[in-house]
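So you can see what is in the structure, the chains are spelled out below.
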Amino acid sequence: DNMVECGGCLQGRYSSEAGAISCTLCEPGKVAPDPGRTACDTCPKGRYSALWAVSCEDCPVGRYQEEEGQTECKKDMPGGSSVHTGQDAPHNEAGFYAYKKLVRASAENETGNDVYIVEMEACRDARESCLTNETCKAGSTGRQCRSCLPGYYFHRSTCEK
């Protein structure tokens, strides 16, 4: 008769042991969306959460997040545009090229994983060839859309037939 039945942990908290007396808050960037969790879920790319959150939120328009388990979203850089919620990378604006740079796990990259970081480069030589959403004008290809496909030639900052 002196026994007390323990319930599971509340949303936003977890316990790795069944029947534990105390529960632990999920770290920022992680969530426990339902009660009774034994671990927290990591927020995916394009989403974030704060301490005590029970769900991951989409990054708003104008912001993005390229890494998992984050507490905030990054503001679009010059030449970048996040026009939808929940983006994991910005798209390039016309006249810019989205360059994906590999950052290996290191002291600088504390995630423990290799990650790709998007940087925006102004298209200097072929500005007219760099269109939005990582596309090049017809006949153009390569980094900053500076290379011409077979059958095209470079003339006045663009590839022509």
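Thresholds applied
Residues numbered from 1 in each chain as written. Predicted model: local features only at pLDDT ≥ 70, side-chain atom pairs only at ≥ 80, totals over all residues. Heavy atoms only, no water. Helix = DSSP H or I, 4+ residues; strand = E, 2+ residues; numbered from the N terminus. Contact = heavy atoms within 4.5 Å. Polar contact = N/O pair within 3.5 Å; in protein donor to acceptor, adjacent residues only side chain to side chain. Buried < 20%, exposed > 50% of the residue type's maximum accessible area, 1.4 Å probe, protein only. Disulfide = S-S within 2.5 Å. Phe/Tyr/Trp six-rings, centres within 6.5 Å; stacked < 30°, edge-to-face > 60°. Lys NZ or Arg CZ within 6 Å of the ring centre and 35° of its normal. pLDDT = per-residue confidence, 0-100. Salt bridge = Lys/Arg side-chain N within 4 Å of Asp/Glu carboxyl O.

### Things to note about the environment of Lys101
Within the secondary structure, Lys101 sits in strand β11 (residues 96-103). Between the C-alpha atom of Lys101 and that of Lys74, which follows or precedes it by 27 residues, the distance is 16 Å. Among all residues touching Lys101, those that are not within four sequence positions of it are Val115, Tyr116, Ile117 and Glu119. Reaching out from Lys101, the side chain makes a polar contact with the side chain of Glu119 at a distance of 3.4 Å.

### What to know about the side chain of Gln65
Its place among the elements puts Gln65 in the loop between β7 (63-64) and β8 (74-75). Owing to a relative accessible area of 2%, Gln65 belongs among the buried residues under this scheme. Within the local environment of Gln65, its side chain forms a polar contact with the backbone nitrogen of Glu67, the two atoms lying 3.0 Å apart.

### Details of the state of the cysteines
A complete count under the given rule lists seven disulfides for this structure. The disulfide partner of Cys9 is Cys23, and the S-S distance across this bridge is 2.0 Å. One disulfide, between Cys9 and Cys23, carries an S-S torsion of -90° and so falls in the left-handed class. Placement of the pair is Cys9 in the segment before β1 (13-14) and Cys23 in the loop between β1 and β2 (24-25), with a sequence separation of 14 residues. The exposure class of Cys9 is buried, given its relative accessible area of 6%.

### A closer look at the environment of Thr85
With respect to the element layout, Thr85 can be found in the loop between β9 (80-81) and β10 (91-92). The exposure class assigned to Thr85 is partly exposed, which follows from its relative accessible area of 47%. Separated by 63 residues in sequence, Thr85 and Cys148 place their C-alpha atoms 34 Å apart. Residues within four places of Thr85 in sequence aside, it is in contact with Asp58, Cys59, Pro60 and Val61.

### Focus: the packing of aromatic side chains
Counting across every chain of the model gives zero aromatic pairs. Positioned above the aromatic ring of Phe96, the side-chain terminus of Arg127 is 5.7 Å from the ring centre. Across the ring face of Tyr99, the terminal group of Arg143 is positioned such that the distance to the ring centre comes to 3.6 Å.

### Examining the confidence of the model for the protein chain
Low pLDDT means the predicted atomic positions in that stretch should not be read closely. Here the protein chain shows a mean pLDDT of 86. Residues at 70 or above account for 90%. Under a pLDDT of 50 for its full length, residues 1-5 has, in the predicted model, zero contacts with residues more than four places off or in other chains.

### Describing unusual backbone geometry
The backbone phi angle of Gln144 is positive, close to 60°, even though this residue is not glycine. Here Gln144 shows up in the loop between β15 (140-141) and β16 (147-148). Classification of Gln144 as buried rests on a relative accessible area of 10%. Positive phi, normally seen in glycine, also occurs at Cys145, with a value near 55°. Residue position: Cys145 is located in the loop between β15 and β16.

### Quick look at the pattern of salt bridges
Using the criterion set out here, one finds eight salt bridges in the structure. Between Lys74 and Glu67 there is a salt bridge, with its nearest N and O atoms 3.8 Å apart. Under the relative-accessibility criterion, Lys74 is labelled partly exposed at 30%. We classify Glu67 as buried; its relative accessible area is 15%.

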